[in-house]
Amino acid sequence: MPLQLPKSSWSTTELDDLRELVRSFLQKEAVPHQERWAAAKKVDRELWTKAGDVGLLCLSIPEEYGGGGGTFAHEAVLYEEQARAGDGAWGVTVHNGIVAHYLLAYASEDKKREWLPKLASGEMVGAIAMTEPGTGSDLQGIKTRAVRDGDHYVLNGAKTFITNGLHADLVVVACKTDPDAGAQGVSLIVVETDTPGFRRGRVLDKVGLKGQDTAELFFDDVRVPAGNLLGDAEGQGFIQLMLQLPQERLIIAVTAVAGLEAAVDLTLEYTKERTAFGRPIFSFQNTKFKLAEAATEAAVARAFLDQCIERHLKGELDVQGAAMAKLWTTERVNKVIDDCVQLFGGYGYMTEYPIARAWADVRISRIFGGTSEIMKEIISRSL
């Protein structure tokens, strides 16, 4: 029997119907292909257009731009079900919840109407390029440079750890338009990947999320129209990033909590079916106590996450609240899944078991979107 948790306060009948659609789609189009995608280090490109056909792309983008016209709650349903299905390959969180919203918030009206419908249909795949080989969490220290040349910008630089990097047709690039201005010199510029001078490097070999196309990107005198600048002036990129990062961190929290719940369900099932010394593993006190702790962690994390989602839907989730959500949920899911692996014994270390893949996949959650240490720094500023 799976965990019996209260229904999320933000859930509706419409969202329940969407949840069924997402489950059906993932069971058909994602779950059977996990091993093949992991070996290839990428999903099938057709996955994106199939998702567009059934309306799962840009769920929270207004209908006038080709999106689903929903809210963050619609996105949360998709991300929860993806985590519960054990799919760590499809980079839809970046495409839907991050890239599309940078364009919605900061692109010109013409560019919104040009790009967003293509993202919603799957004709284009989106990526965001912040991290550089020598720069992780310190976005002020990026080296990628954009120099104005008439009605174009010329970009030079390199990015790494870019989700959707192999398939991306559209990349939001964090760059310096004024290298001497610190945070005030950062701008966001959109690069279409068929532009001369853009090239992709390696698809990186990761510990987890094996099927996700995480790549290096290079910009060698890439000329893009000045209209591809996000915002109405240079130097707004750092503020734009700070305003959008709370949603990105909430997305990570959503996947962490759903992954935690799924891991507990898997472990409950396994320990009740598997026997040792003539009786089910679940019957041993250590197993029951560990799973009692895990179930409590799941219940507390779910209550906190639901509160944060409600706040975000009202426009009230601040930077510190999102940092708390990201910090707490990712730290807890890592602990709980590690405990679950222990209860699986040697089988928990075999990649054919979903718990082993979940253990490897979830480790990055304490790093991307801002490390746990950066989250603590952000939270401490409000104390």
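Residues numbered from 1 in each chain as written. Predicted model: local features only at pLDDT ≥ 70, side-chain atom pairs only at ≥ 80, totals over all residues. Heavy atoms only, no water.

Moving on, we come to the packing of helix α5 (residues 92-106) against helix α6 (residues 109-121). Contact geometry of α5 with α6 gives a least axis separation of 10 Å together with a crossing angle of 170°. Relative to α6, the element α5 lies roughly antiparallel. From α5, H95, V99, A100, L103 and L104 reach across to α6, where they touch K112, W115, L116 and L119. (Axes fitted to C-alpha atoms, helices over the stretch in contact; angles between N-to-C directions. Helix = DSSP H or I, 4+ residues; strand = E, 2+ residues; numbered from the N terminus. Parallel < 35°, antiparallel > 145°, perpendicular 65-115°, else oblique. Contact = heavy atoms within 4.5 Å.)

Bringing helix α8 (residues 285-313) into the picture now. End to end, α8 covers 42 Å across 29 residues, agreeing with the expected 42 Å (1.5 Å per residue, within 8%). When we look at burial in α8, the residues that qualify are T287, L291, A294, E297, A298, A301, R302, L305, D306, C308, I309 and H312. Check the buried side of α8 and you find it contacts α4 (72-84), α7 (237-273) and α9 (319-344). (Expected span 1.5 Å × (residues − 1). Buried < 20%, exposed > 50% of the residue type's maximum accessible area, 1.4 Å probe, protein only.)

Right, let's talk about the domain arrangement of the protein for a bit. According to the domain assignment, the protein consists of domain 1 (11-123), domain 2 (125-233) and domain 3 (236-379). Of note, the centres of domain 2 and domain 3, computed from C-alpha atoms alone, are 30 Å apart. The interface of domain 2 with domain 3 comprises 16 residues on the first partner and 13 residues on the second. Taking both partners together, domain 2 and domain 3 bury about 1100 Å²; carbon and sulfur atoms supply 65% of that area. Applying the counting criterion to the domain 2 and domain 3 interface returns 5 residue pairs in polar contact (both at pLDDT 80 or more). Its residues assigned to classes, the side of domain 2 that touches domain 3 comprises 9 nonpolar, 5 polar and 2 charged. (Domains from an automatic or database assignment. Buried area = accessible area lost by both parts, 1.4 Å probe. Polar contact = N/O pair within 3.5 Å; in protein donor to acceptor, adjacent residues only side chain to side chain. Nonpolar A, V, L, I, M, F, W, Y, C, P; charged D, E, K, R; others polar.)

In this numbering, the UniProt entry assigns the feature "domain: Acyl-CoA dehydrogenase/oxidase N-terminal" (unreviewed entry) to residues 12-123. The annotated region residues 12-123 carries 65% helix and 0% strand content, and the separation between its end C-alpha atoms amounts to 30 Å. (UniProt positions renumbered as here; feature names shortened; annotations may be inferred.)

For α9, built from 26 residues, the straight-helix expectation of 38 Å at 1.5 Å per residue is met to within 8% by its first-to-last C-alpha distance of 38 Å. Trailing α9 by a residue or two, G345 shows a phi angle of about 65°, which is positive.

Moving on: the packing of aromatic side chains. By the definition in use, this model includes 10 aromatic pairs. Arranged with centres 6.2 Å apart and planes meeting at 75°, the rings of F344 and Y353 form a pair that is edge-to-face. For F344, a relative accessible area of 5% corresponds to the buried category. An angle of 45° between the planes, with centres 5.4 Å apart, marks the rings of Y347 and Y353 as tilted. For Y353, a relative accessible area of 22% gives the class partly exposed. Here the aromatic residues Y270, F344, Y347 and Y353 are joined through ring pairs into a cluster of three or more. A cation over an aromatic ring shows up here: R199 above the ring of F218, its NZ or CZ 4.5 Å from the ring centre. (Phe/Tyr/Trp six-rings, centres within 6.5 Å; stacked < 30°, edge-to-face > 60°. Lys NZ or Arg CZ within 6 Å of the ring centre and 35° of its normal.)

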